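# Structural overview
Spelled out, the chains give:
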Amino acid sequence: MKKRAVITGVHAWVPEYVLDNKELETMVDTNDEWITSRTGIKERRILKGENQGTSVIGTEAVKGLLEKTNTNPEDIDLIICATVTPDMLFPATANIIAHNVGAKNCYSFDISAACSGFLYALSMGSQFIETGAHKKVIIIGADKMSSIVNYQDRTTCIIFGDGGGAVLLEPTEENLGVMDSMLHTDGSGADFLRIEAGGSRKPASIETVTGREHFVYQEGSTVFKFAVTNMAEVSAQIMEKNNLTADDITWLVPHQANKRIIDATARRMGIGPEKVMLNIEKYGNTTAGTLPLCLWDYESKLKKGDNLILAAFGGGFTWGAVYLKWGYDPKSV
């Protein structure tokens, strides 16, 4: 039997502060009905305080993961953190998290693939397990989106929140774990969803800060069309590739960007709403954090052998799907 990478635990963390739609009404020209009907979002969490970066979210998620799986942090071989809001350009946020949790014997790095980041990292991490290079790999998806959102822009500030989660990957010879992945990129998406300044092409300056060029820019209608088409299509494609029907799928785990996108993906797969993980109303779009947050929220409902399709679409553009078989029953958590 082929060695596979199986998820043996999941944990997540969100900040205490709740920014609901009513509070947003006092900040920009919007209202609860408009936000809810178009996005499905009621509230989102915001990380407050000085020197509080994405590493805070990742550290709390990993600490909880290590505790619930009874894992010694010194046994971790690798930590990959998917984020577009690193604490700083370097060192990697994964390095800071590794230090915070006492993972002294691992190496670690970040990847940036926007909302698809957790999928990319999960696929990458599973290959280290499959080759036999590593036995314990932690995959983190976390973002502090409030740090890059313009709260004067009603088209974006209603969407995003802060939070994230982590999973532990370990080897198995059972027919479980990460079974297949399909990942894609289209760099033309930079025209429609990006942060203009702060990189090497346009370093920070008085002009870029004054011009609010360090915040998320999104051309909503174009991004929506791309997301609906590509996230739905890749989900259907991975099912077809693996000879899966809608009846075979236990759960769709979709990126929580917009409920209309999620509904379109489920329809394309032929899956009813009762099989769709949904928590967008509580957290909004936490970018790389949405998928592990979903797995954490629904962990008690998952059973060993359940067929899951994880799907995401993000800026860049990036998109993809992962087919995995869940690795454990709730009572073994």
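Computed from a prediction, not measured in an experiment: that's the story for all the values here. (Residues numbered from 1 in each chain as written. Predicted model: local features only at pLDDT ≥ 70, side-chain atom pairs only at ≥ 80, totals over all residues. Heavy atoms only, no water.)

## Looking at helix α5 (residues 117-130)
Rule in force here: In this description a helix means any DSSP run of H or I spanning at least four residues, a strand means any run of E spanning at least two, and both kinds are numbered starting from the N terminus. What a helix should span is 1.5 Å times the count of its residues minus one. Relative accessible area decides the class of each residue, using a 1.4 Å probe on protein chains only: under 20% of the type maximum gives buried, over 50% gives exposed, and in between gives partly exposed.
The terminal C-alpha atoms of α5 lie 20 Å apart, and with 14 residues this matches the ideal 20 Å at 1.5 Å per residue to within 8%. Most of α5 is tucked away, with 10 of its 14 residues classed as buried. Of the residues making up α5, those classed as buried are Gly117, Phe118, Leu119, Tyr120, Ala121, Leu122, Ser123, Gly125, Ser126 and Ile129.

## Observations concerning the packing of helix α7 (residues 220-241) against helix α8 (residues 259-269)
Here is the rule we go by: Axis definition: a line fitted to C-alpha atoms, limited for helices to the stretch in contact. Angles are taken between N-to-C directions and run from 0 to 180 degrees. Should the near helix be turned counterclockwise from the far one by less than a right angle, the crossing is left-handed, whereas a clockwise turn marks it as right-handed. Note on contacts: a residue pair qualifies if any of its non-hydrogen atoms lie within 4.5 Å across the two residues. Nonpolar residues are Ala, Val, Leu, Ile, Met, Phe, Trp, Tyr, Cys and Pro. Charged residues are Asp, Glu, Lys and Arg, and all others, Gly as well, are polar.
Remark: α7 packs on α8, axes separated minimally by 9 Å, with the N-to-C direction vectors making an angle of 30 degrees. α7 and α8 meet at a crossing whose hand is right-handed. Here Phe224, Ala227, Val228, Met231, Ala232, Glu233, Ser235, Ala236 and Met239 of α7 come into contact with α8, specifically with Arg260, Ile261, Ala264, Thr265, Arg268 and Met269. For the contact of α7 with α8, the class distribution of residues is 10 nonpolar, two polar and three charged.

## Some points on the sheet that holds strand β8 (residues 177-185)
Put simply, the test is: DSSP calls a pair of strands paired once it identifies at least 2 bridges connecting them.
Overall, mixed pairing links the four strands, which are arranged β8-β13-β12-β11 in an open sheet. At either end of the open sheet lies a strand with only one pairing partner, and these are β8 and β11 (251-254). Averaged over all pairs of adjacent strands, the angle between strand axes in this sheet comes to 15 degrees, irrespective of strand direction. With four bridges joining them, β11 and strand β12 (residues 307-314) adopt parallel strand pairing. Bridged to Val253 within β12 is Leu310.

## Focus on unusual backbone geometry
A cis amide bond links Phe90 with the next residue in sequence, Pro91, at an omega value of 5 degrees. Note that Pro91 resides in the loop between β4 (78-82) and α4 (93-101). The step from Gly316 to Phe317 runs through a cis peptide bond, and the omega angle for that step is -20 degrees. Inspection of the secondary structure assignment puts Phe317 in the loop between β12 and β13 (318-325).

## Some words on the packing of aromatic side chains
Test applied: Any two rings among Phe, Tyr and Trp, with Trp reduced to its six-membered ring, count as a pair given centres within 6.5 Å; such a pair is stacked if its planes are under 30 degrees apart, edge-to-face if over 60, and tilted if neither. Charges are assigned to positions over rings by a cutoff of 6 Å between ring centre and Lys NZ or Arg CZ, combined with an angular limit of 35 degrees from the ring normal.
Throughout the structure, instances matching the rule amount to eight aromatic pairs. On the numbers, 5.2 Å between centres and 65 degrees between planes, the contact of Trp251 with Tyr298 is edge-to-face. Taken together, the positions of Trp251 in strand β11 and Tyr298 in the loop between α10 (290-297) and β12 put the pair 47 residues apart, joining distant regions of the chain. By the burial criterion, Trp251 is buried, and Tyr298 matches it. Through pairs of rings, three or more aromatic residues link up here, namely Phe192, Phe226, Phe313, Phe317 and Trp319. Across the ring face of Tyr17, the terminal group of Lys48 is positioned such that the distance to the ring centre comes to 4.5 Å.

Everything listed here is a matter of geometry and, on its own, says nothing about what the molecule does.
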